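One letter stands for each residue in the lines below.
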Amino acid sequence: MVDVLRPTPAIASGIGEIFQILRDGHARTKAELAVLTGLARSTVALRVDALLAADLVRPAGEAVSTGGRPPARVAFNPRAGLVLAVDLGATHATVAVADLAAVILDARTRTIDIGDGPESLLDTILADAAELLDSTAAGLPLVGVGIGVPGPVEHSTGRPTNPPIMPGWDRFDVPAYVQKTFDVPVLVDNDVNILALGEQAMSWPQVEDLVFVKVSTGIGAGIIAGGQLQRGAQGSAGDMGHVQVPAGAGSTREPGDERDLEALASGSALAIALREEGLDVHGPSDVVDLVRAGNAAAIEATRQAGRDVGEVLATVVNLLNPSIIVLGGSIARAGEHLLAGVREVVYRRSIPLATQHLAIVQSQAGDRAAVLGAAIMVAREVLSPASVDRYVAAKAR
């Protein structure tokens, strides 16, 4: 939050930059904005008037008068436009409509098979989106679409790249296909990245260093460092699942077993291991059911999976020093067993300075974390200083 009484000359002076000050939702006068930016009041007045004309800010009453006419205040207008947010999983799809403050206005979830391919599935999702917009838009413009998918994404292009559980999606131009229906910016990212954004916003808004780990059909991590989502050079940051895991204490693995984390600890890997023990297990959901039913073999396998995840996370903790590690995904939601295994290893193998204030917790954000994260991703893009400058200029023509 920006302190309205403390000048911050480092804040840039464009229309878009003035708008960033108001995005926290607090109403301010033009005089207060002049103090914050160091600009002349006349300059601030012109730029605020441009934001008012573009409907990005709105009148917000009057401040207390210090003599004479009370000064008018302005505030961010989150209903200046709408965002579509989509969470695609292996077996589910959630579509939501959000305002520019990433408040979810309406949502719809359906069962899918990601293996049906991009065109058929996206057509279904876009039809759902159109219906939601018709029922919630009230004449408001759509300004962007955000989509999370269960596989690696080249973020600069929005194309999934070699997604193991998404046959037919490799290099498919998702943004271009969606823009045939909605001619707005379309951002696509790995689902665990948008989960990290949603979890932070809902549960840990003051935490700037957070790692979200999803343990489900596969395993991946979303990394927020210094308050910013870290995607890496090509968008593959956080791909924990392909890290080779050494056999740790208590492991029953044979020497020379060089499987990666996903082959050891994912829901799919646990299903295979339990099936080899003679249990009737076909996929991750069956593993979860067995754990919740108190099956000893499933519980021990899940705890060992937590230890294996912890072997990788111990290195992550030493390298990145996060404040919070959040465990999500279907296997994490089965109970405390995965969490216990992770804690057992991370607190033992990480350096004391990195763990003295580290919390390792289960996800608290619920089913809408991913669509919230997708909405946040789009809002940050379309409301960036440069984007606001272009939008206001276009509205003024």
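Residues numbered from 1 in each chain as written. Predicted model: local features only at pLDDT ≥ 70, side-chain atom pairs only at ≥ 80, totals over all residues. Heavy atoms only, no water.

Focus: the overall build of the chain
And step 1. Summing up its helical and strand segments, the chain has 14 helices and 15 strands in all.
And step 2. In summary, the chain has a C-alpha radius of gyration of 24 Å against a globular reference of 21 Å for 397 residues, a match within 12%.
And step 3. For the chain, with 397 residues in total, the buried portion stands at 49%.
And step 4. Here the contacts in the chain between residues at least 6 apart in sequence split such that 61% fall between residues at least 24 apart.
And step 5. Roughly 17900 Å² of accessible area belongs to the chain as shown, and the carbon and sulfur atoms make up 51% of that amount. (Helix = DSSP H or I, 4+ residues; strand = E, 2+ residues; numbered from the N terminus. Rg over C-alpha atoms; globule rule 2.2 N^0.38 Å. Buried < 20%, exposed > 50% of the residue type's maximum accessible area, 1.4 Å probe, protein only. Contact = heavy atoms within 4.5 Å. Areas by Shrake-Rupley, 256 points an atom, 1.4 Å probe, with all protein chains shown as cover.)

Considerations on the packing of helix H8 (residues 267-276) against helix H9 (residues 284-292)
And step 1. Between H8 and H9, the least distance of the axes is 8 Å, while the angle of their chain directions is 70°. With respect to their mutual orientation, H8 and H9 come out roughly perpendicular. Here Gly 267, Ser 268, Leu 270, Ala 271 and Leu 274 of H8 lie close against H9, whose contacting residues are Pro 284, Val 287 and Leu 290.
And step 2. Split by residue class, the contact of H8 with H9 holds six nonpolar, two polar and no charged. (Axes fitted to C-alpha atoms, helices over the stretch in contact; angles between N-to-C directions. Parallel < 35°, antiparallel > 145°, perpendicular 65-115°, else oblique. Nonpolar A, V, L, I, M, F, W, Y, C, P; charged D, E, K, R; others polar.)

Quick notes on the nonpolar core
And step 1. Counting residues in each nonpolar core, the largest one holds 55 residues, and the members touching the most others are Phe 19, Leu 33, Leu 51, Leu 56, Leu 100, Leu 210 and Leu 383.
And step 2. With residues up to four places along the chain from it excluded, the contact list for Leu 210 reads Ala 196, Gln 200, Trp 204, Gly 222, Ile 223, Ile 224, Pro 322, Ile 324 and Val 326.
And step 3. Membership of the second largest hydrophobic core comes to 38 residues, among which are Ala 301, Ala 305, Val 316 and Val 317. (Core = buried A, V, L, I, M, F, W, Y, C linked by side-chain atoms within 4.5 Å.)

Points about the environment of Ala 332
And step 1. Examined against the element boundaries, Ala 332 turns out to sit in the loop between strand S14 (324-328) and helix H11 (337-349).
And step 2. Ala 332 gets classed as buried once you look at its relative accessible area, which sits at 2%.
And step 3. Each C-alpha atom, one on Ala 332 and one on Thr 302, is 8.9 Å from the other, the two residues being 30 residues apart in sequence.

Structural notes on the side chain of Asp 308
And step 1. Inspection of the secondary structure assignment puts Asp 308 in helix H10 (residues 296-320).
And step 2. Owing to a relative accessible area of 4%, Asp 308 belongs among the buried residues under this scheme.
And step 3. Not counting residues within four places of it along the chain, the set of residues in contact with Asp 308 comprises Val 245, Arg 253, Leu 261, Leu 264 and Ala 265.

Focus: the sheet that holds strand S6 (residues 104-111)
And step 1. One open sheet accounts for five strands, arranged S6-S5-S4-S7-S10; its pairing is mixed. Strands with a single pairing partner mark the edges of an open sheet, and in this sheet they are S6 and strand S10 (186-190). Neighbour to neighbour, the strand axes of the sheet diverge by 15° on average, direction disregarded.
And step 2. Where strand S4 (residues 82-88) meets strand S7 (residues 142-149), six bridges bridge the pair, whose relative direction is parallel. Opposite Val 86, over in S7, you have Ile 147 as the bridge partner.
And step 3. Sheet contacts for helix H6 (residues 191-203): S4, S7 and S10; angle to S10, the most-contacted strand, approximately 95°.
And step 4. The sheet strands contacting helix H13 (residues 369-382) are S4, strand S5 (92-99), S6, S7 and S10, and the helix crosses S4 at an angle near 135°. (Pairing = 2+ DSSP bridges.)

Notes on the pairing of strand S11 (residues 210-215)
And step 1. With five of six residues buried, S11 lies mostly within the body of the structure.
And step 2. Of the strand pairs in this sheet, S11 and strand S12 (residues 219-225) are connected by six bridges, and their pairing is antiparallel. Following the sheet pairing, Val 211 is matched in S12 by Ile 223.
And step 3. Linking S11 back to S12 in an antiparallel pair, the connection comprises three residues.
And step 4. Inspection of the sheet shows S11 paired to S14 by five bridges, in the parallel sense. Its bridge partner being in S14, Val 211 is matched across the sheet by Ile 325.

Observations concerning the pattern of salt bridges
And step 1. Scanning all chains against the criterion turns up 14 salt bridges.
And step 2. Asp 173 is the salt-bridge partner of Arg 159, the closest N and O atoms lying 3.2 Å from each other. Here Arg 159, found in strand S9 (residues 159-160), pairs with Asp 173, found in the loop between S9 and helix H5 (174-179); they are 14 residues apart in sequence, far enough to count as distant.
And step 3. Residue Arg 159 is classed as partly exposed on the basis of its relative accessible area of 24%.
And step 4. A network of salt bridges, in which partner residues are shared, links Arg 108, Arg 110, Asp 128 and Glu 131. (Salt bridge = Lys/Arg side-chain N within 4 Å of Asp/Glu carboxyl O.)

What about the side chain of Glu 199?
And step 1. Its location among the elements puts Glu 199 in helix H6.
And step 2. An unpaired buried charge is present at Glu 199: no salt bridge exists, and Arg 333, the closest side chain of opposite charge, is 8.8 Å distant.
And step 3. Among the polar contacts made by the side chain of Glu 199, one reaches the side chain of Ser 363 at a distance of 2.6 Å.
And step 4. The residues touching Glu 199, leaving out its near neighbours within four places in the chain, are Trp 204, Phe 212, Val 326, Ser 363, Gln 364, Ala 365 and Ala 369. (Lys, Arg positive; Asp, Glu negative; His and termini not counted. Polar contact = N/O pair within 3.5 Å; in protein donor to acceptor, adjacent residues only side chain to side chain.)

Things to note about helix H1 (residues 15-22)
And step 1. The buried fraction of H1 is high, at six of eight residues.
And step 2. For H1, the full list of buried residues reads Ile 15, Gly 16, Ile 18, Phe 19, Ile 21 and Leu 22.

Overview of the confidence of the model for the chain
And step 1. The predicted model of the chain has a mean per-residue pLDDT of 90, with 94% of residues at 70 or higher.
And step 2. Taken together, the stretch residues 1-13 has pLDDT below 50 and engages in 23 contacts with residues farther than four places along the chain or on a different chain. (pLDDT = per-residue confidence, 0-100.)

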